[in-house]
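Coordinates in review
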Amino acid sequence: DSSNAGLMVVDRDTLTQMPSVEVFIQELPAPLTPRYYRNVLPEVAMSQCASCYQFFHSDDYELLVLQKGCCPFCQSNKDGSGNDTKTVTVGGQSVGSSSA
């Protein structure tokens, strides 16, 4: 089935054995369950909108937030300044929340 191309399903043990800088979580609102993704290019920084949970290349996302003042996907601007994102990986290292 071509709709599942690139899809990899793993169990909890396999997931915990993957390097944490390569795995990130898409937290979804209830009743949806979180989705786990593996970044096959961990040197590429990723950002996630805290409103729509979409992932973006950090450079692209930050530029669009600076230009438009909101998420390019959902148009969210939670705090009035566009700071509604969290950076997932930067240069292959996991980091916590940060502003765009």
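Residues numbered from 1 in each chain as written. Predicted model: local features only at pLDDT ≥ 70, side-chain atom pairs only at ≥ 80, totals over all residues. Heavy atoms only, no water.

Quick notes on helix α2 (residues 58-68)
Looking at α2, one finds that the buried residues are S58, Y61 and V65. What you see down the axis of α2 is that its buried residues fit within an arc of 65°, all on one side. More than 90 degrees from the buried face of α2, the exposed residues found are D59, L66 and Q67. Remark: G69 follows α2 within two positions and exhibits a positive phi of approximately 80°. (Buried < 20%, exposed > 50% of the residue type's maximum accessible area, 1.4 Å probe, protein only. Helix = DSSP H or I, 4+ residues; strand = E, 2+ residues; numbered from the N terminus. Arc of directions from axis to C-beta.)

Quick notes on unusual backbone geometry
Residue A30 is joined to P31 through a cis peptide bond whose omega torsion reads 10°. Along the chain, the position of P31 falls in the loop between β1 (23-26) and β2 (35-38). The backbone of Y53 shows a phi angle near 70°, a positive value even though the residue is not glycine.

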